[in-house]
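Chain by chain, the residues run as shown.
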Amino acid sequence: METYYNPEDLPKFNTMKEGSPELWKKFYDWYGAVFAEGALSEREKALIALAVAHAVQCPYCIDAYTQASLEKGSNLEQMTEAVHVASAIRGGASLVHGVQMKNVHSKLSM
Amino acid sequence: MIKTRHKSMKAYGDLLAAANEQLKIINQPDTLPKFEAKFRETGEEKLLANEIEILQVNIGKMCNQVCKHCHVDAGPDRKEIMIRETMQFCIDALAKTNIQTVDITGGAPEMNPDFKWFVSEIRKLNRHIIVRSNLTILVSNGFKDYPKFLADNNVEIISSLPYYTASNTDRQRGDGVFDKSIEAIKILNEFGYGKEGTGLILNLVYNPVGAFLPPKQEALEKDYKRELWNKFSIVFNNLYTITNLPISRFLDYLIESGNYLSYMNKLISAFNPAAALNVMCRNTISVGWDGRLYDCDFNQMLELPLTDGMPHHIKDFDIKLFNRRPIITGRHCYGCTAGAGSSCGGATT
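Report follows, based on the coordinates.

Thresholds applied
Residues numbered from 1 in each chain as written. Chains lettered and ligands numbered in written order. Predicted model: local features only at pLDDT ≥ 70, side-chain atom pairs only at ≥ 80, totals over all residues. Heavy atoms only, no water. Patch = residues over 30% accessible without salt bridge, like charges linked within 9 Å, V, L, I, M, F, W, Y side chains within 5 Å. Areas by Shrake-Rupley, 256 points an atom, 1.4 Å probe, with all protein chains shown as cover. Salt bridge = Lys/Arg side-chain N within 4 Å of Asp/Glu carboxyl O. Buried < 20%, exposed > 50% of the residue type's maximum accessible area, 1.4 Å probe, protein only. Helix = DSSP H or I, 4+ residues; strand = E, 2+ residues; numbered from the N terminus. Pairing = 2+ DSSP bridges. Right-handed = clockwise from strand over helix to strand, strands pointing away. Contact = heavy atoms within 4.5 Å. Polar contact = N/O pair within 3.5 Å; in protein donor to acceptor, adjacent residues only side chain to side chain. Buried area = accessible area lost by both parts, 1.4 Å probe. Core = buried A, V, L, I, M, F, W, Y, C linked by side-chain atoms within 4.5 Å.

Let's talk about a nonpolar patch on the surface
Now for step 1: Residues Leu40, Ile48, Val52 and Val56 of chain A make up a contiguous nonpolar surface patch of about 330 Å² in total accessible area.
Now for step 2: For isoleucine 48 of chain A, a relative accessible area of 43% puts it in the partly exposed group.

Spelled out as structure tokens, the structure:
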């Protein structure tokens, strides 16, 4: 194995059912239901998934949901904005912890 | 991003401009299942034609655009144009049948000097006429009276607009195409096209701008209608989503971009038996610019004629013979059977 991540592994995702078919079926059915058209459109859900894929930095998910976003009708501008949303939350999550830094700083400083 | 073309592949002398070179690639990899075997998943042994309802006539390969995905390899340099004598054979064929719809395509069909004559003659037979217009031709010098002509003859217009933004559209169809297309739609709207109650139909076509499948037709149509109305105050009737088939310039793009095998696998894994039973070749006959007959416009470009024993030229047209004929298929047919299916009238399921 040259790298931990291999694009050829993505289509092998469903081999995960081999260890526990019952749990796989629950996951698979639930996953399908989550991404079906509902209060949110399939296109909106794919964009959310794309953003989350970047937040959790999953290359498989980035590959899959870039394709899914295109195939649900999104364009590069919309997909880029979704990634910025994920990035802003990640950046903001770091920055907001600065309040803790300030609290400690305040406590320790004269 | 792939190169912008200003001329056809044929004009550049590209090897892949030849149909037999394309077929070599499509037929080559033994790792991909053959369409004929996959088709049996429908429960039917062979793809057979039903009664013909549509005569699709390609009246020439000349076009004012050079789109990157064009399956015709059309362009300003293409000289193949249907002559009036061949059009008359089409009229004669129509006159002796009950085929209700004539679907005129190209190239840019308006660039055929006998286009108006052909439309007028079909109109006399009281058949429904569809013209596949690229829109930009309608705002080009020498063609600005065509929107009125089309409206006066109650012609349905089907036009590619691969996305509701300029960047995606122009990447596929050429710089400035989106703006000109919007200008043309505004003019068509002024004549009543796309507006309820006028009877003048303007349908738009979405093609993926790349190696992926189209979205769901209904969902995307809502996005198109909202965006085009909000940004440009323009309207249309229906959106048709059409899958790109792996032939001609799109095949060239797939190979150049390293997407060929993954795209073929995507089409194959999305094979939909219901879509396979609804393919347009079952109720259509395609006529080439020289009068030759094919099962569809794609087979026409691959120079795959009707099966043996059928008439091969429009002058020998005999509708009784075409019913239940075996349709010539190949791996390119996976493009029409993937997902929700694809035809010149959009999704098929």
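Quick notes on the pairing of strand S1 (residues 54–58) of chain B
As a general feature of sheets, a regular strand has side chains that alternate between the two faces.
Residues and elements named next belong to chain B.
Now for step 1: A large share of S1 lies buried, amounting to 4 of its 5 residues.
Now for step 2: Sheet topology note: the S1/strand S2 (residues 101–105) ladder contains 5 bridges and is parallel. Following the sheet pairing, glutamine 56 is matched in S2 by aspartate 103.
Now for step 3: In the classification by handedness, the crossover that spans S1, the intervening helix H4 (residues 84–95) and the parallel S2 is right-handed.
Now for step 4: Where S1 meets strand S7 (residues 284–287), 4 bridges bridge the pair, whose relative direction is parallel. Across the sheet, the residue bridging to leucine 55 is isoleucine 285, located in S7.

Points about helix H7 (residues 166–173) of chain B
Structurally, the α-helix is built with 3.6 residues per turn, so residues lying three or four positions apart point the same way.
Now for step 1: Those residues of H7 of chain B that sit buried are Asn168, Thr169, Asp170, Gln172 and Arg173 of chain B.
Now for step 2: For H7 of chain B, the secondary structure elements touched by its buried residues are strand S4 (156–160) and helix H8 (177–190) of chain B.

With respect to the side chain of asparagine 237 of chain B
Residues and elements named next belong to chain B.
Now for step 1: The topology assignment puts asparagine 237 in the loop between helix H9 (217–232) and strand S6 (239–241).
Now for step 2: Assessed through its relative accessible area of 16%, asparagine 237 is described here as buried.
Now for step 3: A distance of 2.7 Å separates a polar side-chain atom of asparagine 237 from the backbone nitrogen of leucine 202.
Now for step 4: Excluding residues that lie within four positions of it along the chain, asparagine 237 makes contacts with Gly194, Leu200, Ile201, Leu202, Asn203, Glu221 and Lys225.

Focus on the interface of chain B and chain A
Now for step 1: Taken together, the contact pairs 14 residues of chain B with 11 residues of chain A.
Now for step 2: Interface area, chain B with chain A, both sides summed: about 920 Å², of which 39% is carbon and sulfur.
Now for step 3: For the chain B face of the interface with chain A, the top three residues by lost area are Tyr163, Phe212 and Pro215 of chain B, together amounting to 37%.
Now for step 4: The interface formed by chain B and chain A holds 3 salt bridges in total.
Now for step 5: In this structure, the salt-bridge partner of glutamate 42 of chain A is lysine 216 of chain B, at a minimum N-O distance of 2.9 Å.

Thoughts on the sheet that holds S7 of chain B
Now for step 1: With mixed pairing, 8 strands are arranged side by side in an open sheet as S6-S5-S4-S3-S2-S1-S7-S8 (chain B). The open sheet has two edge strands, S6 and strand S8 (293–294) of chain B, and neither has a second partner.

Observations regarding the nonpolar core
Residue and element names in this part refer to chain B.
Now for step 1: With 59 residues, the main nonpolar core has Leu55, Ile104, Phe118 and Tyr224 as its most contacted residues.
Now for step 2: Apart from the residues lying within four places of it in its own chain, the contact partners of tyrosine 224 are Leu161, Pro162, Tyr163, Tyr164, Leu204, Tyr206, Trp229, Phe236 and Leu239.
Now for step 3: Counting 43 residues, the second largest nonpolar core, distinct from the first, contains Leu32, Leu47, Leu213 and Tyr263.

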